[in-house]
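Inside the fold
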Amino acid sequence: MSIFSKHLPAIHVEHYKYTAESPTEKMPVPDKVYISMVQHIGAPCQPKVEVGDLVKVGQVIGDTDAFVSAPIHSSVSGKVTAIDKSLTMSGVWDLIVTITTDKKQEVLEGLAPPQIDDKDSFIKAVRASGLVGLGGAAFPTHIKFNPKNLDEVDSFIINGAECEPYLTADYRTMMENSELLINGLKNTLKYLKIKRGIIGIESNKAPAINKLRAMVKDNPEIEVMELRSVYPQGGERVLIYETTGREIPIGKLPADIGAIVSNISSVVALQNFIETGMPLVSKKVTVSGNAIRIPKNVEAPIGTPISQLITFCGGYKRTPKKIIMGGPMMGAAVYDDGMTVNKNTSGILTFDEELATLPKETPCISCGRCIKACPMLLMPTLLAKAYDAKDVEQLQKLNVNLCMECGCCSYVCPAKKQLAFTNKLGKRLVMEGGKK
Amino acid sequence: MGRYNQGTLIVSSSPHIVDNVTTTRIMLDVLIALIPAFIMSGVIFGSRAILLTVTCVAACVLFEAGFQYITKKDSTITDLSAVVTGVLLGFNLPSSLPFWMAVVGSFVAIVVVKQIFGGIGQNFANPAITARVVLLVSFATPMTTWPLPSNLLGTTDAVTGATPLGILNMGTDLSSLPSNMDLFLGFVGGSLGETSAIALLIGGIYLLWRKVIEPWIPLAFIGTVFIFALLAGQDPIFHICAGGVMLGAFFMATDYTTSPHLTTGKIVFGIGCGLMTMIIRLYGSYPEGVSFAILLMNILTPQIDMLFRRKTYGGVKI
Ligand code: SF4
Ligand code: SF4
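Residues numbered from 1 in each chain as written. Chains lettered and ligands numbered in written order. Predicted model: local features only at pLDDT ≥ 70, side-chain atom pairs only at ≥ 80, totals over all residues. Heavy atoms only, no water.

Re the UniProt feature "binding site: [4Fe-4S] cluster 2" (unreviewed entry) in chain A
Mapped onto the present numbering, the UniProt feature "binding site: [4Fe-4S] cluster 2" (unreviewed entry) falls at C374, C403, C406 and C409 of chain A. Spanning 36 residues, the named residues nonetheless gather at one spot, since no C-alpha pair among them exceeds 10.5 Å. Locating C374 of chain A in the fold gives a position in the loop between α10 (369-373) and α11 (380-388). Among all residues touching C374 of chain A, those that are not within four sequence positions of it are P9 and P380 of chain A together with R310 of chain B. By the element assignment, C403 of chain A lies in the loop between α12 (392-397) and α13 (408-412). Residues contacting C403 of chain A, with those up to four places away along its chain left out, are L378, N423 and K427 of chain A. (UniProt positions renumbered as here; feature names shortened; annotations may be inferred. Helix = DSSP H or I, 4+ residues; strand = E, 2+ residues; numbered from the N terminus. Contact = heavy atoms within 4.5 Å.)

Here we look at the UniProt feature "transmembrane region" (unreviewed entry) in chain B
All names here are of chain B. Here the UniProt feature "transmembrane region" (unreviewed entry) sits at residues 26-44, 99-117, 129-148, 183-209, 216-231, 237-255, 267-284 and 290-308. Across residues 129-148, helical content stands at 70% and strand content at 10%; the span's end C-alpha atoms are separated by 23 Å. Annotated as 100% helix and 0% strand, the span residues 216-231 places its first and last C-alpha atoms 22 Å apart.

What to know about the pattern of salt bridges
If the charged atoms of two oppositely charged side chains come close together, the side chains can form a pair. Residue and element names in this part refer to chain A. Enumeration according to the criterion identifies 19 salt bridges over all chains in this entry. Across the pair E236 and K144 runs a salt bridge, and its minimum N-O distance is 3.2 Å. In this pair, E236 is assigned in helix α6 (residues 236-244) and K144 in helix α2 (residues 141-144), connecting sequence segments 92 residues apart. The class for E236 is partly exposed, based on a relative accessible area of 30%. (Salt bridge = Lys/Arg side-chain N within 4 Å of Asp/Glu carboxyl O. Buried < 20%, exposed > 50% of the residue type's maximum accessible area, 1.4 Å probe, protein only.)

Concerning the nonpolar core
The biggest cluster of nonpolar side chains holds 77 residues, and the ones touching the most others in it are L88, L93, L207, F221, F251 and I294 of chain B. Beyond its immediate sequence surroundings of up to four residues, L93 of chain B is in contact with L52, C56, A102, L135, M143, S191 and L192 of chain B. Membership of the second largest hydrophobic core comes to 45 residues, among which are L150, L181, L185 and I209 of chain A. (Core = buried A, V, L, I, M, F, W, Y, C linked by side-chain atoms within 4.5 Å.)

Thoughts on the confidence of the model for chain B
All names here are of chain B. Of the residues in chain B, 92% reach a pLDDT of 70 or more, and the chain-wide mean stands at 89. Below pLDDT 50 for its whole length, residues 151-156 participates in 3 contacts with residues either more than four positions away or in separate chains. Prediction confidence for the complex, expressed as pTM and ipTM, is 0.91 and 0.89 respectively. (pLDDT = per-residue confidence, 0-100.)

Looking at the interface of chain B and chain A
Taken together, the contacts link 46 residues of chain B with 74 residues of chain A. In total, chain B and chain A occlude about 5,000 Å² of area from one another, counting both sides; carbon and sulfur atoms represent 59% of this. The closest approach of N and O atoms between E214 of chain B and K372 of chain A, which form a salt bridge, is 3.4 Å. For the pair chain B and chain A, the interface holds 20 residue pairs in polar contact (both at pLDDT 80 or more). Sorting the residues of the side of chain B that touches chain A by element identifies α1 (23-45) and α13 (263-283) of chain B as the ones contributing at least two each. By residue number, the principal contributor to the side of chain B that touches chain A is α13 of chain B, which donates 3 residues. Its residues placed into classes, the side of chain B that touches chain A shows 19 nonpolar, 21 polar and 6 charged. (Buried area = accessible area lost by both parts, 1.4 Å probe. Polar contact = N/O pair within 3.5 Å; in protein donor to acceptor, adjacent residues only side chain to side chain. Nonpolar A, V, L, I, M, F, W, Y, C, P; charged D, E, K, R; others polar.)

Quick look at the site of ligand 1
Residue and element names in this part refer to chain A. Taken together, 13 residues lie around ligand 1, and C374, C403, C406, C409 and N423 are the ones closest in. Mapped by element, the contributors of at least two residues to the shell around ligand 1 are α13 and α14 (419-435). Residues of the shell around ligand 1, tallied by class, amount to 10 nonpolar, 2 polar and 1 charged. (Near = heavy atom within 4 Å.)

What about the packing of helix α3 (residues 169-176) of chain A against helix α7 (residues 264-276) of chain A?
Residue and element names in this part refer to chain A. Where α3 meets α7, the axes come as close as 9 Å, and the angle between the chain directions of the two elements is 40°. Here α3 is positioned oblique relative to α7, judged by the angle of their axes. The handedness of the crossing between α3 and α7 is left-handed. Packed against α3, whose contacting residues are D170, T173 and M174, the element α7 presents I264, S265 and V268 at the interface. Looking at the contact of α3 with α7, its residues break down into 3 nonpolar, 2 polar and 1 charged. (Axes fitted to C-alpha atoms, helices over the stretch in contact; angles between N-to-C directions. Parallel < 35°, antiparallel > 145°, perpendicular 65-115°, else oblique. Left-handed = near helix turned anticlockwise from the far one by under 90°.)

Section: unusual backbone geometry
Look at the link from Y231 of chain A to P232 of chain A: it is a cis peptide, with omega at 0°. Along the chain, the position of P232 of chain A falls in the loop between β11 (222-227) and α6. Note that the residue after S14 of chain B, namely P15 of chain B, is joined by a cis bond; omega there is 0°. Inspection of the secondary structure puts P15 of chain B in the segment before α1. The backbone of L377 of chain A sits at a positive phi, close to 60°, despite the residue not being glycine. Its place among the elements puts L377 of chain A in the loop between α10 and α11. Residue class for L377 of chain A comes out buried when judged on its relative accessible area of 6%.

Listed below in structure tokens is the structure:
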């Protein structure tokens, strides 16, 4: 961080927001959806249906009594045709409920807006909506919204930064579902008794900033804040710092410094549930990259294979060499396009050979670019050296656990060293070393 | 589940896009930045200056390739760092230096200082500077015999004399000091690439513009020399244009590996370079102190980095 700056370090990345002006298109219901019982951090859900059962849209098909969890609902109407284990993106075997759709999209009878009149019924509704952090982390929202020291929380911050290149789904949501967003924010502030609501949006999304500002001009408790258009403004710790100036001490949570952060689409999905009783069954996803024929924003039922989204976007125009779930900075490259849209899927990027091939690593030239770029003010090159030496103590001393894997260091490194990846491995080493 | 493209997709860890700045591109920028001074060295000292620099470059590249071939390491010739070291070493020599001595200097720079310590990014001191200092103490006379600028037609008559700082150091006939204008343009005696302040300044600005270097070290270095000279009652313009200050401040002290990483450390490092330079110039027995100053600060760099660590987000000092 420059000694003269009030901002955290950040980097400039190309935006490639090809789909910013593409209104969301609802894709047709696929023949089959494959809904994973692992949709959030925490305890996986147990299937609440059996093979042969008929299900309707909005029906609970997976749940668990474990605390850190959220229910999973059917995104289609049809018949459960299989419940089996399948390999997922993260390389683990998850229980998958396969539903063969009847294309009628019949809604579960009795689906009605929840009764909300205080904090407890509000939190209950949040859980019932099936919400998890939709930006990526997938932490159950009802837990995040209900910290022990809720009375000390004074700021509810909505992450409208969408700092990842290519992705525009949040931007489209802000433009297309602004009523839901603002009303969802108002309800959250009301029932959680939080004084201030902040929507942080990067300056490159001026239409959204203007639109939302106009809508809240009579609501002094809500502020639409323009953020610098740099990466990673949407990182939780970064966003809190940039909007409130507060730093979260190591080992603490946002709530400990009086802030709760939520994603744009989470607030919209919550308000949708409050108004209609329809839980989270579909997701707005940006399909882009240079191997796709027509980049689009697509609303897809949860459990739709990404190959179907790709077909909906005109198929591949070049042979794909890499498919990424999420953005190019933090998203995960997948083994094949049979993976499905999950609650936290925000984008599907397809890269041709040229984009998919990263340059070869060369020796570190000690240029310090990684150090200058790290928003968490870490020393990536030293962390990499400590990892190479398998020096757990040094890794801990250099605070490897603070690394949010944002990838800024790897991005700027002229030697093309995979520093963020090394830190991922370094964290694992510390975890294993700590156990011994 | 429909499995498409299985086995043909690249699976790698994020991030999936990277900046287009590479080590080679950075070194190329440094070389571009050195072009004005290179041209001026030919204009001022004639073709022998050009030949000497070319000799250093060729020797540096060959030593690096040879060392990496013998030790079976991956070749790093294409990153151009050996070329940069060669040019910088050449710039630090008098244009009359025997070619074989320049080759010895290249050996010291590439093999002894750079490769034995593990190659690019691992050396504890600037290779070109260290080589210069080694040559200076080994071959004191040829290393301090300064050809005076030839006329513009490039005669090779070896007319030698004292450098401006030499004149100052001897303190005898100060009236023979060149004008500040000659100093600024570089038509004075000295190492072949260090005399033209204007050419080096243009190169330095190019490096700043390309974001290859940050301004802190050059600013602190040159600023300290300026203020020190002022306080010592001497002409500050003379001191920042004479000797290797410009070359040192923009091209040598900013060497990534041997200077501090963080801004505060860089400023302290630059001030240290400036102070040492002036102390040696005014109170030492050598007329010129830039090389020694940078070498000394190179050695102190790990300590400076330790002293000026920063706090991480969340307030832990690492
Ligand atoms: S990936 Fe980690 S170390 Fe690298 S810039 Fe981001 S937070 Fe810093
Ligand atoms: S950016 Fe890359 S080359 Fe530069 S110090 Fe960091 S790891 Fe080394």
